[in-house]
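Notes for the structure review
Residues per chain, in single letters:
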Amino acid sequence: MSVPRTVPLVRDVLDVQVFDREKRPMGKVDGIALELADGAAPRVAYLEVDAASAWRRLGERFGHWARRAQALWGGAPFRFRWSQVRELSVHLEVDVDAEETAAFALERRIREKL
Amino acid sequence: VKKILGVALGIVTSIGGFLDAGSIATSAQAGSSYGYSLLWAVLVGTVCVIFLVEMSGRFSIVSGHTITDAVRKRFGFAAFIVPFGASLLVNLLVLASELGGACVALQLLTGIRFQVWAIPVAAAVWLLLWLGTFDVVEDGTALLGLVTLCFVVAVFLLGAEWREIGRGFVPSLPAHEQPHYLFLAVSIIGATIAPYLFLFYSSGAIEDKWDMSYLVPNRFIALLGMSFGSLIAMSVIVVAAVTLQPHGVRVEQYEQAALMLLPAFGSWGFYLFVAALGVACLGAALELSLATAYSLAQAFGWQWGENLEPRKAARFAATYTLCIAAAALILLAGVEPMKLTLFSMALTAMVLPLSVVPFLVLMNDRQFMGEHVNGRLSNAVVVFTVALAALIALVAIPLEILGSQ
């Protein structure tokens, strides 16, 4: 039986580099949301790669502006569950294809113009 | 043998790539205005940059992170983004000054105003980045940059007074124009300890996949490359002091600086200066564009790498494209390149703590560095130099602005 591991979310997960299953950089862990339910221990609802969430940490107004800018290229938050995390070391690897996620919206938009 | 060749190439590229618009402009003005008396500023900056470059290589080798990536992780987005933004803006000004230096080199050669060259030079820099690889950008331009050794040769041909040169390494205040002297001192330190240099070096270590076996070679590259490189910057001061100051020529524009090699090389001296200025600025513009794109991509976790096709790192390629375009626009607005260079160097010195302090915290964090954390000497040298430069800049920049009105 494996020993339970404690992960300090803010120190070891927030702002960590996220890679997809092909080791492509997707972005950073810009936000972490907890699920709170009566009588149950809090659990991680999702982690997200979302520049607007990062800017919101500086202030609501910055988050709002970033969200409006994101809308220009069809960007949206990319959220994933802890169960999709394949590896957590100095970076975090998620079991998805980056090309098919919202995290690559701007990358795809610029690539189309090249 | 391959590693020894790699180290030798690293040292040569550090020497060839050392000089840029900032070093040429600040050193030429220092030598022509105050003789040898500002040599100490190059020395102080060089000692600090040796430590910083060695630290940035060691950091990437040991932690596997680039500096920007790790600073965001360690301090969080909110604490990271404002100083990061300020450093990016200063980088943009420095990039404009490097493009400006290359444009002035073409102006000196053709007589056509530098603004006309802004778009062709920006396009050339962009094309080299778009089509080239990391090795082409780093090694190619730095090897061509060895032409800047002409300043060292000139020192020997001109028969400089070594005892007087030695006195220049002892800090002293002149009897006249002390505010401008201090402004030049911080500009020289800013030109020598340009943050883009160690951010670029750290990204290069990751891009070239340096492992733990590079810890010792990294030390040699930092020590020898930066020491010999700074000899060129010192030589510019000496040559300007010997050839321009006695004739009362105070360098305010690159056109005046272009005269400094004539006594040593005759009419060839003019072409050597133009080649040195053009190649040094072109190389620095390439490195700065890359360093800025690296930083932004690493801050937001995008795909990055000069060895990747632009289509495979589209946001990274778009970033350096936009930076080069913005820098060209600054030049097209008609800002005088020499003035832009001096101010951007002084601003660099002023914002140095924003880049260096978080980096020092990382270098002392065992979570990143394990047993390879900084020693007391490294911390002391860097803290002392950066604090000194920032304090002088805070005083000297307002005085310089007031004095020039």
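Residues numbered from 1 in each chain as written. Chains lettered and ligands numbered in written order. Predicted model: local features only at pLDDT ≥ 70, side-chain atom pairs only at ≥ 80, totals over all residues. Heavy atoms only, no water.

Along its length, chain A carries four helices and seven strands. Across its three principal axes, chain A shows a C-alpha extent of roughly 50 × 35 × 20 Å. Out of the 114 residues belonging to chain A, those deemed buried represent 42%. A separation of at least 24 residues holds for 46% of the contacts in chain A among residues at least 6 apart in sequence. Carbon and sulfur atoms make up 54% of the accessible area of chain A, which amounts to about 6800 Å² in all. Separation of charge centres in chain A, based on 19 positive and 18 negative side chains, amounts to 4 Å. (Helix = DSSP H or I, 4+ residues; strand = E, 2+ residues; numbered from the N terminus. Buried < 20%, exposed > 50% of the residue type's maximum accessible area, 1.4 Å probe, protein only. Contact = heavy atoms within 4.5 Å. Areas by Shrake-Rupley, 256 points an atom, 1.4 Å probe, with all protein chains shown as cover. Lys, Arg positive; Asp, Glu negative; His and termini not counted. Charge placed at Lys NZ, Arg CZ, Asp CG, Glu CD.)

Bringing the packing of aromatic side chains into the picture now. The tally for this structure, following the rule as stated, stands at 23 aromatic pairs over all chains. Where F316 of chain B meets Y320 of chain B, the ring centres are 5.7 Å apart and the plane angle is 85°; that geometry is what we call edge-to-face. A residue pair is termed a helical-turn pair when its members lie 3 or 4 positions apart in one helix, as F316 of chain B and Y320 of chain B do in helix α16 (residues 314–332) at four residues. Of the two residues, F316 of chain B and Y320 of chain B, both sit in the buried class. Ring-pair connections join several aromatic residues into one group, and the members of that group are W55, F62 and W65 of chain A together with F77, F300 and W302 of chain B. The ring of F75 of chain B carries the charged tip of R74 of chain B above its face, separated from the ring centre by 5.4 Å. (Phe/Tyr/Trp six-rings, centres within 6.5 Å; stacked < 30°, edge-to-face > 60°. Lys NZ or Arg CZ within 6 Å of the ring centre and 35° of its normal.)

Atom-level detail of predicted coordinates should not be read off regions where pLDDT is low. Residues at a pLDDT of 70 or more form 98% of chain B, whose mean pLDDT is 89. Scored as a complex, the prediction yields pTM 0.88 and ipTM 0.91. (pLDDT = per-residue confidence, 0-100.)

Our next topic: the sheet that holds strand β7 (residues 92–94) of chain A. Residues and elements named next belong to chain A. Spatially, four strands are ordered β2-β1-β7-β6 in an open sheet, and the strand pairing comes out mixed. Of all the strands in the sheet, the pair left with one neighbour each is β2 (25–28) and β6 (85–88). Mean inter-strand twist for the sheet, computed between neighbouring axes without regard to direction, equals 25°. Pairing geometry for strand β1 (residues 17–19) and β7, over two bridges, is parallel. Bridge pairing in β7 links V18 to L92. (Pairing = 2+ DSSP bridges. Axes fitted to C-alpha atoms, helices over the stretch in contact; angles between N-to-C directions.)

What follows concerns unusual backbone geometry. Non-glycine residue D15 of chain A carries a positive phi angle of around 70°. Here D15 of chain A lies in the loop between α1 (9–12) and β1. If you check the backbone angles, E177 of chain B has positive phi at about 45° while not being a glycine. Mapped onto the elements, E177 of chain B comes out in the loop between α9 (162–167) and α10 (178–192). Look at E177 of chain B and you get partly exposed, because its relative accessible area is 38%.

How big an interface is tends to be stated in terms of the accessible area lost upon association of its parts. At the junction of the two partners, chain B supplies 24 residues and chain A supplies 24 residues. The largest contributions to the chain B side of the interface with chain A come from K73, R311 and R315 of chain B, which together make up 29% of the buried area. When the shortest N-O distance is used, the salt bridge between D15 of chain A and R72 of chain B registers 2.7 Å. Our count for the chain B to chain A interface comes out at 10 residue pairs in polar contact (both at pLDDT 80 or more). Elements that contribute at least two residues to the side of chain B that touches chain A include exactly α4 (67–75), α5 (77–110), α15 (268–300) and α16 of chain B. Classifying every residue of the side of chain B that touches chain A by side-chain character gives 11 nonpolar, seven polar and six charged. (Buried area = accessible area lost by both parts, 1.4 Å probe. Salt bridge = Lys/Arg side-chain N within 4 Å of Asp/Glu carboxyl O. Polar contact = N/O pair within 3.5 Å; in protein donor to acceptor, adjacent residues only side chain to side chain. Nonpolar A, V, L, I, M, F, W, Y, C, P; charged D, E, K, R; others polar.)

Residue and element names in this part refer to chain B. With 33 residues, α15 extends 48 Å between its outermost C-alpha atoms, agreeing within 8% with the 48 Å of an ideal straight helix rising 1.5 Å per residue. Of all 33 residues making up α15, 26 are buried, and the element is well covered by its neighbours. Phi for G301, located one or two positions after α15, is positive at around 75°. (Expected span 1.5 Å × (residues − 1).)

This brings us to the side chain of T46 of chain B. With respect to the helices, strands and loops of the structure, T46 of chain B is situated in helix α3 (residues 39–63). Not counting residues up to four positions away in its chain, the partners in contact with T46 of chain B are T192, M226, S227 and S230 of chain B.

One number sums up the size of the largest pocket: a volume of about 900 Å³. W55 and L106 of chain A together with L296, F300 and W302 of chain B are the residues nearest the centre of the largest pocket, which is lined by 36 residues in total. Mapped onto the lining of the largest pocket, the elements with two or more residues apiece are β2, α2 (51–56), α3 (60–72) and α4 (105–113) of chain A together with α5, α15 and α16 of chain B. For the lining of the largest pocket, the class distribution of residues is 25 nonpolar, six polar and five charged. (1 Å grid on protein atoms, 1.4 Å probe; cavity = no way out; pocket = protein on both sides within 12 Å on 5 of 7 lines; lining within 4 Å. Points joined across faces, edges and corners; volume = space filled by probe spheres on them.)

What follows is about the pattern of salt bridges. Pairs can form between side chains of opposite charge once their charged atoms are near each other. Residue and element names in this part refer to chain A. On inspection of all chains with the given rule, the structure shows 21 salt bridges over all chains. For R43, the salt bridge is made with E35, and the minimal N-O distance between the two is 3.2 Å. Note on R43: relative accessible area 47%, which makes it partly exposed. One salt bridge connects R67 with D50, and the closest N-O pair in it is separated by 3.1 Å. Note that R67 is positioned in helix α3 and D50 in the loop between β4 (43–49) and α2, a separation of 17 residues in sequence. On the basis of relative accessibility, which here comes to 29%, the residue R67 falls in the partly exposed class. Here D50 falls in the buried class, since its relative accessible area comes to 1%.

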